[in-house]
Structures are given as structure tokens and as C-alpha cells.
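Residue-level structure breakdown
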Amino acid sequence: MMQLGMVATLVVAMPVNIVTELGLFTLIILVHNAFGATQDVAIDALAVNVLPEGERGLANVFMFAGASIGQAIGGSGVLFLTSVVPFNATYFSSSGRSSW
């Protein structure tokens, strides 16, 4: 559900002109980040409930590393796209990346 909320907020943010409607854009991205934070907490809670105590540290390392690598690759991919397509079109790739 949180992933769908993240996708929805990015789709809603697409038509917003960030130069003239910065307040609205900021509000939409704040809601987007709230969905992301809620998902992060839920995944951490699931890991704590499922994994034995001795495996939680290693699992946390892999989860954090995976998130960092995904942000680096996804973020650079979106930056690359801005040179090829209009900025608002990059929301589609970010929406797809949010639902992974």
C-alpha cells in the first residue's frame, strides 16, 4: 500500500510547476516521503519479527547496502534521463522504481 501511495504522489506531482508552485510540490513530496518512511519502518519491523536475533545485524547491513546502491543507480538514471527527455517525464521512471 505504501508503494502505491509513493507512485500516486509522484504521478500527482508530475503536472506541478516546481517554479511557480513550489509550496504545493513540497507538500506532495512530503507526503511521498511519509509513505516511504512508513514502508521503511514496516520492513524493519518485519525483519525483526522474522529473523533470529543473531541474523538481524547482517540483514540490516544488506538492507542498508541495497537501499544505498538502489538510490545511487536510480538517482543517476533519472539525472541521465533529464538530458534526454523533459524533466516531468522522469517521474515515470521514478514511479516504477518506487514500486520495486
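Residues numbered from 1 in each chain as written. Predicted model: local features only at pLDDT ≥ 70, side-chain atom pairs only at ≥ 80, totals over all residues. Heavy atoms only, no water.

Within the secondary structure, T9 sits in helix α1 (residues 2-13). The buried category is assigned to T9, whose relative accessible area is 9%. Setting aside residues no more than four positions away along its own chain, T9 makes contact with I28, V31, H32 and F35. (Helix = DSSP H or I, 4+ residues; strand = E, 2+ residues; numbered from the N terminus. Buried < 20%, exposed > 50% of the residue type's maximum accessible area, 1.4 Å probe, protein only. Contact = heavy atoms within 4.5 Å.)

Before going further, it helps to spend a moment on the packing of α1 against helix α2 (residues 22-50). Viewed as axis vectors pointing N to C, α1 and α2 meet at an angle of 165 degrees, and their least axial separation amounts to 8 Å. The orientation of α1 with respect to α2, classified from their angle, is roughly antiparallel. Here α1 runs over α2; the crossing is left-handed. Across the interface between the two elements, M2, Q3, G5, M6, T9, L10, V12 and A13 of α1 pack against F25, I28, V31, H32, F35, G36, T38 and Q39 of α2. For the contact of α1 with α2, the per-class residue count stands at nine nonpolar, seven polar and no charged. (Axes fitted to C-alpha atoms, helices over the stretch in contact; angles between N-to-C directions. Parallel < 35°, antiparallel > 145°, perpendicular 65-115°, else oblique. Left-handed = near helix turned anticlockwise from the far one by under 90°. Nonpolar A, V, L, I, M, F, W, Y, C, P; charged D, E, K, R; others polar.)

A few words on the environment of G5. You can see G5 is positioned in helix α1. In this structure G5 comes out as buried when scored by relative accessible area, which is 9%. On a C-alpha basis, the gap between G5 and H32 in space is 7.1 Å, while along the polypeptide they are 27 residues apart.

Glancing now at the confidence of the model for the protein chain. Interpretation of the predicted coordinates at a detailed level should be avoided for regions scoring low in pLDDT. Per-chain confidence: the protein chain averages 87 in pLDDT, with 91% of residues scoring 70 or above. Ranking the elements of the protein chain by mean pLDDT puts helix α4 (residues 90-98) last with 63 and α2 first with 94. (pLDDT = per-residue confidence, 0-100.)

On the surface, I18, V19, L22 and F87 cluster together into a nonpolar patch covering about 400 Å² of accessible area. Following the sequence through the fold, V19 ends up in the loop between α1 and α2. Judged by relative accessible area, which is 71%, V19 ranks as exposed. (Patch = residues over 30% accessible without salt bridge, like charges linked within 9 Å, V, L, I, M, F, W, Y side chains within 5 Å. Areas by Shrake-Rupley, 256 points an atom, 1.4 Å probe, with all protein chains shown as cover. Salt bridge = Lys/Arg side-chain N within 4 Å of Asp/Glu carboxyl O.)

Attention shifts here to helix α3 (residues 53-82). The first and last C-alpha atoms of α3 sit 44 Å apart over 30 residues, in line with the 44 Å expected at 1.5 Å per residue. Within α3 the residues assigned to the buried category are A59, G74 and V78. (Expected span 1.5 Å × (residues − 1).)

With that settled, consider the environment of M6. Tracing the sequence through the fold places M6 in helix α1. Along the backbone, M6 and G36 are 30 residues apart, and their C-alpha atoms lie at a distance of 6.8 Å.

For the rest of this paragraph, the subject is the environment of A89. With respect to the element layout, A89 can be found in the loop between α3 and α4. In this structure the C-alpha to C-alpha distance between A89 and V48, which are 41 residues apart in sequence, comes to 38 Å.

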